[in-house]
Amino acid sequence: MQHFRQKSMAGQVISSIAYGIDMLPENDPYVADAENLLRSAVTGTTREMPSWFPGARYKRYAREWYPIVVGAVKTTYDKVKSKLDDIWVARAIPASMYLGGTDTTVSALQTFTLAMILYPEVQRKAQAEIDRVVGSSRLPDFSDQDALPYVQAVLKGVSRWHLVTPLGAPRKVIVSDVYEGYYIPAGSIIIPNVWGMMHDPAVFAEPDRFHPERWLSPDAPAFPNPVFGFGARQCPGRVLARASVWSNIVGIFKLAAFDITPTEDGPPEEAYTSGAISYVKPFRCNILPRSTVAASLVRATESDG
Ligand code: HEM
């Protein structure tokens, strides 16, 4: 996870936009703070769902998390406070960007890596498209997106195959309503089953299969989809998220330059953690340069900073 968060740029991009902080390549203290916070939030949401359920345990957890939340928001803010007014909102905005944007992107990148190992034919097809369109003398950039439809379909496949936030975010019903014969009283909490929507066999044939081709057919379901939530509170970082996942997957770190293969122990299990944000369970794999040219192109981007 540390590797993905720091090396994959997911955390680097967000911390640089939100705080103007360049992370350390290893053992960054801000990453440690954020990990503590996310661990408490993710574990807590799972353990205590539904969160409105009365009980002393929830209150105890809330007391334990409070200093962690405040610590993560404050430590990063203190680093840049000379540039901002001292108000809570100014602290919370970059913190919510970092906390909302890092592990979600990390989870998507983990799923991508697992998919490439379990579906090597997809990896080969995507690499063949990159080689054909971009060639081997440079790495792809954003201007290549439209010319790489199969790779775009791989990205869509990653967000559908395994949902970063399988249950989306809860909503409270303000006014009593009836939906498909069900009476929903005001005050009810609705939890959207986004996983169910994206794995509905009536919409996605063989829903558990990673099959980017489904996005290329003329009757492909519309995209964007509910993976970024709903309505006014839909994920505000979705454009950045797509760009970040694209640049990680296609360019500097992955498909264009590297082959992702199983280790001698064989392919990993398709196993995920449960929680508000779901991750692939830790696995080992080989990520090796496709050629000496690819290796030197990646080294050049690293020395560019
Ligand atoms: C693959 C990456 C990402 C996924 C799958 C994702 C998914 C989501 C989802 C499902 C929600 C809840 C939306 C709702 O309430 O309906 C959300 C909220 C949010 N996301 Fe993301 N997100 C991602 C990346 C990011 C990034 C890069 C940022 C910031 C730079 C970000 C910042 C936020 C914030 C601040 C919220 C809370 C919005 C609110 O409550 O008004 N997310 N995200």
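Conventions we followed
- Residues numbered from 1 in each chain as written.
- Predicted model: local features only at pLDDT ≥ 70, side-chain atom pairs only at ≥ 80, totals over all residues.
- Heavy atoms only, no water.
- Donors = N, O, S within 2.8 Å, 3.2 Å for Na, K, Ca; no water.
- Helix = DSSP H or I, 4+ residues; strand = E, 2+ residues; numbered from the N terminus.
- Contact = heavy atoms within 4.5 Å.
- Near = heavy atom within 4 Å.
- Polar contact = N/O pair within 3.5 Å; in protein donor to acceptor, adjacent residues only side chain to side chain.
- pLDDT = per-residue confidence, 0-100.
- Phe/Tyr/Trp six-rings, centres within 6.5 Å; stacked < 30°, edge-to-face > 60°.
- Buried < 20%, exposed > 50% of the residue type's maximum accessible area, 1.4 Å probe, protein only.
- Lys NZ or Arg CZ within 6 Å of the ring centre and 35° of its normal.
- Core = buried A, V, L, I, M, F, W, Y, C linked by side-chain atoms within 4.5 Å.
- Salt bridge = Lys/Arg side-chain N within 4 Å of Asp/Glu carboxyl O.

K.L.:
An account of the coordination of the iron atom of the ligand is needed here, citing residue identities and associated values.
P.N.:
Protein coordination of the iron atom of the ligand rests on one atom only, C235 (SG), at 2.3 Å. Topologically, C235 is positioned in the loop between α8 (194-198) and α9 (238-252).

K.L.:
Can you explain the environment of M198? Please cite residues and give values.
P.N.:
Position of M198 relative to the elements: it lies in helix α8. The spatial distance from the C-alpha of M198 to the C-alpha of N225 is 8.5 Å, given a sequence separation of 27 residues. Residues contacting M198, with those up to four places away along its chain left out, are R160, L163, F204, N225, P226 and V227.

K.L.:
Can you break down the site of the ligand residue by residue, with the values?
P.N.:
The full set close to the ligand counts 21 residues, and R171, G229, F230, R233 and C235 are the nearest of them. Within the side chain of R171, an N or O atom sits 2.7 Å from an oxygen atom of the ligand. The contact in question runs from an oxygen atom of the ligand to an N or O atom on the backbone of F230, over 3.0 Å. A per-element tally of the shell around the ligand places helix α5 (residues 88-118) first, with six residues.

K.L.:
How would you explain the confidence of the model for the chain if you had to name every residue and give the values?
P.N.:
Put simply, the chain has an average pLDDT of 81, and 70% of its residues get 70 or more. Taken element by element, the predicted model of the chain shows its lowest mean pLDDT in helix α1 (residues 2-7) (52) and its highest in strand β3 (residues 182-184) (96). The low-confidence segment residues 43-49 (pLDDT under 50) makes 13 contacts with residues lying over four places distant or belonging to another chain.

K.L.:
Explain the packing of aromatic side chains to me, and be specific about the residues and the numbers.
P.N.:
Evaluation of the coordinates by the stated rule reveals four aromatic pairs. Pairing W161 with F210 gives two aromatic rings, centres 5.4 Å apart and planes at 65°, and the pair type is edge-to-face. You can see W161 sitting in helix α7 (residues 149-161) and its partner F210 sitting in the loop between α8 and α9, a full 49 residues away along the chain. A residue is classified by how much of its surface remains accessible, and F210, at 2% relative accessible area, is buried. Ring geometry for F204 against W215: centres 5.7 Å apart, planes inclined by 55°, an arrangement best described as tilted. Within this pair, whereas F204 is found in the loop between α8 and α9, its partner W215 is found in the loop between α8 and α9, the two being separated by eleven residues in sequence. Using a relative accessible area of 4% as the deciding quantity, one classes F204 as buried. Its relative accessible area of 7% is what places W215 among the buried residues. In textbook terms, an aromatic cluster arises when at least three aromatic residues are bridged by ring pairs, as seen for Y119, W161 and F210. In this structure, R160 is placed above the aromatic ring of F204, and the distance from its NZ or CZ to the ring centre is 5.1 Å.

K.L.:
Quick rundown of the nonpolar core? Include the residues and the values.
P.N.:
One recurring pattern in soluble globular proteins is that nonpolar side chains are buried together. Counting 38 residues, the largest nonpolar core has F112, M116, I130, V151, V154, F210 and I249 as the members making the most contacts within it. Elements supplying a minimum of two residues to this core: α5, α6 (120-134), α7, α9, β5 (258-261) and α10 (292-303). Per element, the largest residue contribution to this core is seven residues, and it comes from α5. With near-sequence residues (within four places) excluded, I249 lies in contact with L109, F112, L155, K254 and L255. Ranked by size, the runner-up nonpolar core spans nine residues in total, among them V194, M198, W215 and V227.

K.L.:
Report on the pattern of salt bridges, specifying residues and quantitative values.
P.N.:
Opposite charge on two side chains allows them to pair when their charged atoms are near. The full count for this structure, using the stated rule, is five salt bridges. The salt bridge partner of E206 is R209, with a shortest N-O separation of 3.1 Å. Taking the relative accessible area as the measure of exposure, R209 reaches 33% and is therefore partly exposed. Note that R284 and E264 form a salt bridge whose closest N and O atoms lie 3.9 Å from each other.

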